[in-house]
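Per-entry structural report
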Amino acid sequence: MIEPQILDHPKDLLLRKERIPHIWCPGCGLGSVLSALMDALRTSGLDLKNVAVVSGIGCTGRAAGYLNLDGFHTTHGRAIPYATGLKLANPDLTVIVFSGDGDLAAIGGNHLIHAARRNVDLKVICANNFNYGMTGGQGGPTTPRLARTTTTSYGNVEKPFNLVQLMAACGASYVARWTSAHPHYMKIAMGEMLKKEGFSFLEVIAPCPTNFGRRNKLRDIKLLQRYLEQAVLESQPDIAKADIELDSPILCGKFVDLERTSYLAALREAISAKVKVYDFRGDGRVPLEEAPVKPAAAKAPGKPAEVPSERPIIERPVQIKLAGLGGQGIGLCGLIIGRAAAIFDHNQAVYTQEYSPEARGGASASSIIVASGQIHAPYVTEPDIMVVMAQGAYNKYQKDVRPGSRLIIDKDLVRPKDLPDSVRIQAIPATRLAEEIGQKVVANIVILGFFTALVPHISLTAMQKALKGSIPKGTEELNLRAFETGYDYGRGGTSDRA
Ligand code: SF4
């Protein structure tokens, strides 16, 4: 007897077989769409190691898990932002978004239109079944007028999105529509999308017999048969006639195929024209082309960076919070402290900012954590040191001043009250000193110098280097004078409980 030979199906390589059988209902169109995609991928010539599939929530969301490719099954409506991040972080990837009408056009509707507007290099396949299938058949953004769903039991009265018109109007490079009864044309369209630069969009009208079909008296295979009858295939379809009504023809074909500058291409062009790369290793911030040594030659491979002898050893993470009003330069001070600790002292630092809705004048804060070892949580919860430059900021953040901590203030602008005795207050007339130097605007740098004199966690040299690298050209002299003024004031020891 001849032993039967079991051959792999050509598509098996693209499926995670351990996840099969799938969960899709009998008669659902999603399997045909996925199958067409597998065919398009197999014949695309792409290295499938460089293909990623992102899906949203809903019945289509399963696709990313069924495909034996790198995949993301994302949160509801967020397939496009995830996919955009993937593509921008690794432009070599071909990124496919496989999702449904509710996920892409309702919950993720803004992401969809803006990705098309930006012409982000994504291949978006939208399986449009005219309802939210997985959650019980509610009406969605593409439900045709008069169609019945669980939420439109008298027939839908809303005008649905015409997805191909929407995508074309937003500026997509490629827009097509087929039904899941047209596997050959779906595959061709997907193959074209895989080669296309910029934003490509394919709408596939796919039956959901379980919910949409049942409520519209088109159970089982009847819904697919209906789409096959309704479909009108044209080589140059007129997008103005692409509306879908419950019983109208469904115009299929390729509506848009344009060469437009993709988002990535535009970004690359802008970056190569505008961006200066800076070298922070030496004496402050030096444009890379002017730096004395090229980064690759800066140290032998594997040789650790030189650690300054005066590097402060910070045994446990120290939490620092700076607070003031918008426009006082609180953010810049935080940035300088973080850079000094991380880049020049070779410690670890994390930096976050918070600010009021007002552009200027509202209380704002920047938070830094510094440590010699790892920092496991990025947020300042119990500041060891607080620097406050305005009464409004003090009123807002006083709750953060904890017993035993250090509070550094501008003595003319902040009147601390209701504090435990164990809080160590250190004060400097920073704004007044800045005015004496000639510019009130450098009060933040005066207080930064004061902070450096009092706080042992960041070295003076590191702070000076970070300062020099962080201020606009032409202001070095003023800022360094402000810094020294504050530093000398702190060294003078005249500051406690002023
Ligand atoms: S509920 Fe509808 S869309 Fe979901 S698997 Fe079943 S038929 Fe397909």
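Computed from a prediction, not measured in an experiment: that's the story for all the values here.

Some words on the overall build of the chain
On a plain count of helices and strands, the chain comes out with 16 helices and 18 strands. The principal-axis extent of the C-alpha atoms belonging to the chain is close to 90 × 60 × 50 Å. Burial analysis of the chain (498 residues in total) assigns 50% to the buried set. For the chain, restricting intrachain contacts to residue pairs at least 6 apart in sequence, the fraction spanning at least 24 positions comes to 65%. By element, 53% of the accessible surface of the chain is carried by carbon and sulfur atoms, the whole surface being about 24,300 Å².

Describing the sheet that holds strand β15 (residues 363–371)
Pairing in this open sheet of 6 strands is mixed, and the strands run β14-β15-β13-β16-β17-β18 from one edge to the other. Two strands in the sheet have a free side with no partner beyond their single neighbour: β14 (348–355) and β18 (424–428). Recorded for the sheet is a direction-independent mean angle of 15° between the axes of neighbouring strands. As paired strands, strand β16 (residues 385–388) and strand β17 (residues 406–410) are joined by 4 bridges and run parallel to one another. Looking at the pairing, Val 388 lines up with Ile 409 of β17.

Description of a nonpolar patch on the surface
Taken together, the side chains of Tyr 185, Ile 188 and Leu 233 define a hydrophobic patch exposed on the protein surface, amounting to about 250 Å² of accessible area. Inspection of the secondary structure puts Leu 233 in strand β9 (residues 231–233).

What to know about the confidence of the model for the chain
Looking at the chain as a whole, the pLDDT averages 91, with 91% of positions reaching at least 70. Here residues 293–299 is a poorly scored stretch, pLDDT under 50, and it has 9 contacts once near neighbours within four places are set aside; other chains count.

Some details on the side chain of Thr 152
Along the chain, the position of Thr 152 falls in the loop between β6 (138–139) and α6 (163–170). At 3.1 Å, the side chain of Thr 152 and the backbone oxygen of Ala 147 are in polar contact.

Some words on the pairing of β16
Covered by surrounding structure in β16 are Ile 385 and Val 387 together with Met 386 and Val 388, the residues of both alternating faces. Following the chain from β16 across helix α12 (residues 391–397) to the adjacent parallel β17, one finds a crossover that is right-handed.

Some thoughts on the site of the ligand
Taken together, Trp 24, Cys 25, Cys 28, Cys 59, Asn 129, Gly 133, Cys 208, Pro 209, Thr 210 and Asn 211 make up the full set of residues near the ligand. Classifying every residue of the shell around the ligand gives 6 nonpolar, 4 polar and no charged.

Overview of the pattern of salt bridges
Throughout the structure, instances matching the rule amount to 17 salt bridges. Note that Glu 259 is salt-bridged to Lys 196, the shortest N-O span being 3.0 Å. Taken together, the positions of Glu 259 in the loop between β10 (250–257) and α10 (263–274) and Lys 196 in the loop between α7 (183–195) and β8 (200–205) put the pair 63 residues apart, joining distant regions of the chain. The class of Lys 196 is buried, set by a relative accessible area of 10%. One salt bridge in this structure joins Arg 316 and Asp 384, with 2.8 Å as the shortest N-O distance. Of this pair, Arg 316 sits in the loop between β12 (286–287) and β13 (318–325) while Asp 384 sits in the loop between β15 and β16, and the two are 68 residues apart along the sequence.

Some words on helix α11 (residues 330–344)
Between its first and last C-alpha atoms α11 spans 20 Å; for 15 residues at 1.5 Å apiece the expected length is 21 Å, and the two agree. Of all the residues in α11, the buried ones are Ile 330, Gly 331, Cys 333, Gly 334, Ile 336, Ile 337, Gly 338, Ala 340, Ala 341 and Phe 344. Backbone geometry just downstream of α11 places His 346 in the positive-phi region, at approximately 60°.

A word on the sheet that holds β8
The mixed open sheet is built from 8 strands, whose spatial order is β2-β1-β3-β4-β8-β7-β10-β9. The sheet is open, and its two borders are formed by β2 (70–73) and β9, each paired with just one other strand. Neighbour-to-neighbour, the strand axes of this sheet turn through a mean angle of 20°, independent of strand direction. As paired strands, strand β4 (residues 123–128) and β8 are joined by 6 bridges and run parallel to one another. In the strand pairing of β8, Asn 128 is matched with Ile 205. Lying on the sheet, α6 is in contact with β4, β7 (174–179), β8 and β10; it crosses β7 at an angle near 170°.

Conventions we followed
Residues numbered from 1 in each chain as written. Predicted model: local features only at pLDDT ≥ 70, side-chain atom pairs only at ≥ 80, totals over all residues. Heavy atoms only, no water. Helix = DSSP H or I, 4+ residues; strand = E, 2+ residues; numbered from the N terminus. Buried < 20%, exposed > 50% of the residue type's maximum accessible area, 1.4 Å probe, protein only. Contact = heavy atoms within 4.5 Å. Areas by Shrake-Rupley, 256 points an atom, 1.4 Å probe, with all protein chains shown as cover. Pairing = 2+ DSSP bridges. Axes fitted to C-alpha atoms, helices over the stretch in contact; angles between N-to-C directions. Patch = residues over 30% accessible without salt bridge, like charges linked within 9 Å, V, L, I, M, F, W, Y side chains within 5 Å. Salt bridge = Lys/Arg side-chain N within 4 Å of Asp/Glu carboxyl O. pLDDT = per-residue confidence, 0-100. Polar contact = N/O pair within 3.5 Å; in protein donor to acceptor, adjacent residues only side chain to side chain. Right-handed = clockwise from strand over helix to strand, strands pointing away. Near = heavy atom within 4 Å. Nonpolar A, V, L, I, M, F, W, Y, C, P; charged D, E, K, R; others polar. Expected span 1.5 Å × (residues − 1).

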